[in-house]
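What follows is each chain in one-letter form.
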Amino acid sequence: MKFKRKDVLGLEELTAEEITLILDTAEPMKEIMSRDIKKVPTLRGRSVITLFYEPSTRTRSSFELAAKYLGADTSSIAIATSSVQKGESLRDTARTLEAMAADVIIIRHSAAGAPHLLARWVKARVINAGDGAHEHPTQALLDMFTIREKKGGFKGLKVAILGDITHSRVARSNIWGLTKMGAEVRVVGPATLIPPEIERLGVKAYYDWEEGLKDVDVINVLRIQLERQKKGLFPSIREYTKLYGLDQQKLQVAKPDVLVLHPGPVNRGIEISPDVQDGPHAVINEQVTNGVAVRMALLYLLMAGGEKDELSA
Ligand code: CP
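This write-up is about the structure you can find in this document. Just so we're clear, the structure is a prediction, and the values are computed from it rather than from any experiment.

1. Section: the sheet that holds strand β9 (residues 259-261)
Read across the sheet, five strands follow the order β7-β6-β5-β8-β9 without closing on themselves; strand pairing throughout is parallel. With one partner strand each, in any of the chains shown, β7 (204-206) and β9 form the two edges of the open sheet. In this sheet, adjacent strand axes meet at a mean angle of 20° when their direction is disregarded. Across four bridges, strand β5 (residues 158-162) lies against strand β8 (residues 218-221) in parallel orientation. Paired with Ile161 across the two strands is Asn220, which belongs to β8. The sheet strands contacting helix α5 (residues 137-151) are β8 and β9, and the helix crosses β9 at an angle near 165°.

So, in structure tokens, the structure goes:
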């Protein structure tokens, strides 16, 4: 199957077949990462620009490494020291990058829909690296790659997404992707952090952790965005940790071989206890490794269409 899209903006629009193609393509990419010389010439001569209007450690550096491992040239626009500070609009920044013949632009923006606008304005391929509370497709794809690698598939798998669902682009992309692949997805958290209409996306909402985590195969723990507490969406960090922080006691109600994911960055000891974060169920560092493989797969599929077979070079 050939990947025919110009851009990757969200999992809402990807089909189950396209998601499977991306995950399948990430497998040989992970093998490349395990080599002493982690470099193939597949995307030699292609240019990848990262344009991040919000902070990032994992997503930006893994896209840059992914591009370099495939032989592409990379450039990173740091917004704090860019002409955005002089008032340049997103549209004019887009025109500037287009004029430099960028092949792929990877954008993170606080405004939902910014990557979609950029994709309309430029001929370059655009990948959404997180837009507001809307979508973070590559995070969900790496989460799904990790789940598939550990559990063998998605059909019938019970996956709980725990925490602040309302403000989470990671939650929304995971819901779109996992439900398409046949998993049973539930969201677990305080009523103030779960949008009432969420069940329309085919998930079940639980406000009680014991019911929500019972017999699940996977728990994806979301970062608590600490600024939300100031808005009164939960009474105190301490109370949140007591009621919804994933600790050994809460882990006991899940399946014995439950997998614990977290997209990072982690508020250690708040949404997850240190012994669970560092314990045998957690795959947080493996998610980071898989993030590079999945992003290599996307760059390869977007630029080479999945037709070239130069990966063994
Ligand atoms: N998970 C994630 O998006 O992390 P960064 O903010 O570090 O990119």
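2. Observations regarding the site of the ligand
If you check the shell around the ligand, you find Ser56, Thr57, Arg58, Thr59, Arg108, His136, Gln139, Pro263 and Gly264 and nothing else. Take Gly264: an N or O atom from its main chain is 3.0 Å from a nitrogen atom of the ligand. Here the ligand has 260 Å² of accessible area as a free molecule, and 91% of this is covered by the chains. Residue composition of the shell around the ligand, grouped by class: one nonpolar, six polar and two charged.

3. A closer look at helix α6 (residues 169-180)
Over its twelve residues, α6 runs 17 Å from end to end, which matches the ideal 16 Å to within 8%, given 1.5 Å per residue. In terms of burial, α6 is largely enclosed, as nine of its twelve residues are buried. When α6 is considered as a whole, its buried residues turn out to be Arg169, Val170, Ala171, Arg172, Ser173, Asn174, Ile175, Gly177 and Leu178. Between a side-chain oxygen at the N-terminus of α6 and the backbone nitrogen of Val170 the separation is 3.3 Å; the capping residue is Ser168.

4. Some remarks on helix α2 (residues 58-69)
End to end, α2 covers 16 Å across twelve residues, agreeing with the expected 16 Å (1.5 Å per residue, within 8%). Among the residues of α2, Thr59, Ser62, Phe63, Glu64, Ala66, Ala67 and Tyr69 are the ones counted as buried. Remark: Gly71 follows α2 within two positions and exhibits a positive phi of approximately 90°.

5. Topic: the pattern of salt bridges
According to the stated counting rule, one finds 15 salt bridges in the structure shown. The residue Lys151 makes a salt bridge to Asp257 at a minimum N-O spacing of 3.4 Å. Of this pair, Lys151 sits in helix α5 while Asp257 sits in the loop between α10 (248-251) and β9, and the two are 106 residues apart along the sequence. Since its relative accessible area comes to 47%, Asp257 is described here as partly exposed.

6. Examining unusual backbone geometry
For residues other than glycine, phi is negative in most cases, and the peptide bonds are mostly trans. In this chain, Gly264 is followed by Pro265 through a cis amide linkage whose omega measures -5°. Looking at where Pro265 falls in the secondary structure, it is placed in the loop between β9 and α11 (274-277). The backbone phi angle of Ala101 is positive, close to 65°, even though this residue is not glycine. Inspection of the secondary structure puts Ala101 in the loop between α3 (90-99) and β3 (104-109).

Rules of the game
- Residues numbered from 1 in each chain as written.
- Predicted model: local features only at pLDDT ≥ 70, side-chain atom pairs only at ≥ 80, totals over all residues.
- Heavy atoms only, no water.
- Pairing = 2+ DSSP bridges.
- Helix = DSSP H or I, 4+ residues; strand = E, 2+ residues; numbered from the N terminus.
- Axes fitted to C-alpha atoms, helices over the stretch in contact; angles between N-to-C directions.
- Contact = heavy atoms within 4.5 Å.
- Near = heavy atom within 4 Å.
- Polar contact = N/O pair within 3.5 Å; in protein donor to acceptor, adjacent residues only side chain to side chain.
- Areas by Shrake-Rupley, 256 points an atom, 1.4 Å probe, with all protein chains shown as cover.
- Nonpolar A, V, L, I, M, F, W, Y, C, P; charged D, E, K, R; others polar.
- Expected span 1.5 Å × (residues − 1).
- Buried < 20%, exposed > 50% of the residue type's maximum accessible area, 1.4 Å probe, protein only.
- Salt bridge = Lys/Arg side-chain N within 4 Å of Asp/Glu carboxyl O.

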